[in-house]
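# Notes for the structure review
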Amino acid sequence: MRIGYLQFTPEFGEVARNLERVALALEGADADLLVLPELFASGYQFRSREELLELAEPPDGPTAEALIRVAARGGFHLAAGFPERDGDRAYNSAMLVGPQGRVGVYRKTHLFDAETEIFEPGDSGFQVFAVGEARVGLMVCWDWIFPESARTLALQGAEVIAHTANLVLPWCQSCMPARCIENRVFAVTANRCGEERRVGDGLRFTGQSVIVSPRGETLARGPEQGEALEVVETDLALARDKKPTARNDLFGDRRPEMYRLG
Ligand code: ACM
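A few points on the structure. These numbers were taken from a predicted model, which means no experiment stands behind them.

Reading guide: rules and limits
- Residues numbered from 1 in each chain as written.
- Predicted model: local features only at pLDDT ≥ 70, side-chain atom pairs only at ≥ 80, totals over all residues.
- Heavy atoms only, no water.
- Helix = DSSP H or I, 4+ residues; strand = E, 2+ residues; numbered from the N terminus.
- Buried < 20%, exposed > 50% of the residue type's maximum accessible area, 1.4 Å probe, protein only.
- Contact = heavy atoms within 4.5 Å.
- Expected span 1.5 Å × (residues − 1).
- Arc of directions from axis to C-beta.
- Core = buried A, V, L, I, M, F, W, Y, C linked by side-chain atoms within 4.5 Å.
- Polar contact = N/O pair within 3.5 Å; in protein donor to acceptor, adjacent residues only side chain to side chain.
- Pairing = 2+ DSSP bridges.
- Salt bridge = Lys/Arg side-chain N within 4 Å of Asp/Glu carboxyl O.
- Axes fitted to C-alpha atoms, helices over the stretch in contact; angles between N-to-C directions.
- Parallel < 35°, antiparallel > 145°, perpendicular 65-115°, else oblique.
- Nonpolar A, V, L, I, M, F, W, Y, C, P; charged D, E, K, R; others polar.

## What about the side chain of asparagine 18?
Positionally, asparagine 18 belongs in helix α1 (residues 15–25). Of the residues examined, asparagine 18 reaches a relative accessible area of 1% and is grouped as buried. Filtering out sequence-adjacent residues up to four positions away, asparagine 18 remains in contact with Phe8, Pro10, Glu11, Phe40 and Ala41.

Okay, structure coming up:
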């Protein structure tokens, strides 16, 4: 299976322009699954809930339609972050689409910093979907710091974690190998780069998108700043063998009865 990411700098509020840019960047990409950053078409720093609701879309909105056209032309699946509108509520969501259309949506469980003031906490639960022979789980940015996120996906059979991100803190990229080793999964963290100066001192995003193997190897790592498209070939068998030794099974050896507090 060929998995990859597109790292770039979206322009806030310029949804059509960002979608065109992604379509152009992915022309000719040879992949089965490509991951785009969190909120890749809208931008990140909303000034208010009202502004967020204006840019938020339902899962069958113009962003989904445009991504399905790109997926159909390229013959690959796309995982991408978008502000999801549901009535007068908005979720920080990720969608998975393929050449045949929409596959599924995940609503970010763990909101980060100012997101807590404008987005609803996600209520979808962690979601795993089929992409060809592979099982692909979705998670969004700050979900990474809770090991439960990747573990919940892996326990549901995820072999690849598609992680859409707008990272501003410096730790995620070096923690993803741990998430991959402890769950024996591949992970693609698609981060954005550039800056947004819309609220307060603004934000600088940390780039360095990463693809990590179940052995914790970094298979690709993007630059700190600048657009990058990377695709790597993976052997899913590595994510299907959960036995690090003859006597150990990562999931079978779990002892949930010992994980109680006190
Ligand atoms: C983040 O969750 N965007 C850091």
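Moving on, there is more to tell.
## So, helix α6 (residues 172–183)
The first and last C-alpha atoms of α6 sit 16 Å apart over 12 residues, in line with the 16 Å expected at 1.5 Å per residue. What α6 keeps buried is the set Cys172, Gln173, Met176, Pro177, Arg179, Cys180 and Asn183. Taken down its axis, α6 places every buried residue within 165° of arc, on the same side. The elements touched by buried residues of α6 are β7 (134–140), α5 (147–155), β8 (160–164), β9 (186–190), β12 (210–212) and β13 (218–221).

## A closer look at the nonpolar core
The biggest cluster of nonpolar side chains holds 85 residues, and the ones touching the most others in it are Met1, Ile3, Leu26, Phe40, Leu67 and Leu78. What leucine 26 contacts, discounting residues up to four positions off in sequence, is Leu6, Leu34, Leu36, Val70, Phe76, Leu78 and Leu229.

## Some remarks on the environment of arginine 204
Looking at the element boundaries, arginine 204 is found in strand β11 (residues 203–204). Spatially, the C-alpha atom of arginine 204 lies 30 Å from that of arginine 215, the residues being 11 residues apart in sequence. In this structure, arginine 204 is in contact with Leu167, Val168, Gly194, Glu195, Glu224 and Gln225, ignoring residues within four places of it in sequence. At a separation of 3.1 Å, a polar atom in the side chain of arginine 204 contacts the side chain of glutamate 195.

## Brief notes about the pairing of strand β6 (residues 128–131)
Remember that side chains alternate between the two faces of the sheet whenever the strand is regular. Pairing between β6 and β7: four bridges, direction antiparallel. Counted as the bridge partner of valine 131 is alanine 134 from β7. Hairpin geometry of β6 and β7 is characterised by an intervening segment of two residues between the two adjacent antiparallel strands and by a positive phi of about 60° at glycine 132.

## Side note on the pattern of salt bridges
On inspection of all chains with the given rule, the structure shows 20 salt bridges. Notably, a salt bridge pairs arginine 2 with aspartate 30, separated by 3.6 Å at the nearest N-O pair. Within this pair, whereas arginine 2 is found in strand β1 (residues 2–7), its partner aspartate 30 is found in the loop between α1 and β2 (33–35), the two being separated by 28 residues in sequence. We classify arginine 2 as partly exposed; its relative accessible area is 24%. Exposure remark for aspartate 30: the relative accessible area of 52% places this residue in the exposed category. Between glutamate 120 and arginine 89 there is a salt bridge whose closest N-O contact spans 3.5 Å. Here glutamate 120, found in the loop between α4 (115–118) and β6, pairs with arginine 89, found in strand β4 (residues 89–98); they are 31 residues apart in sequence, far enough to count as distant. Owing to a relative accessible area of 40%, arginine 89 belongs among the partly exposed residues under this scheme.

## Section: the packing of α1 against helix α3 (residues 62–74)
Between α1 and α3, whose axes approach to 10 Å, the crossing angle comes to 10°. Put simply, α1 runs roughly parallel to α3. Two secondary-structure elements touch here, α1 through Val15, Leu19 and Ala23 and α3 through Pro62, Thr63, Ala66, Leu67, Val70 and Arg73. Along the lines of polarity and charge, the residues of the contact of α1 with α3 split into seven nonpolar, one polar and one charged.

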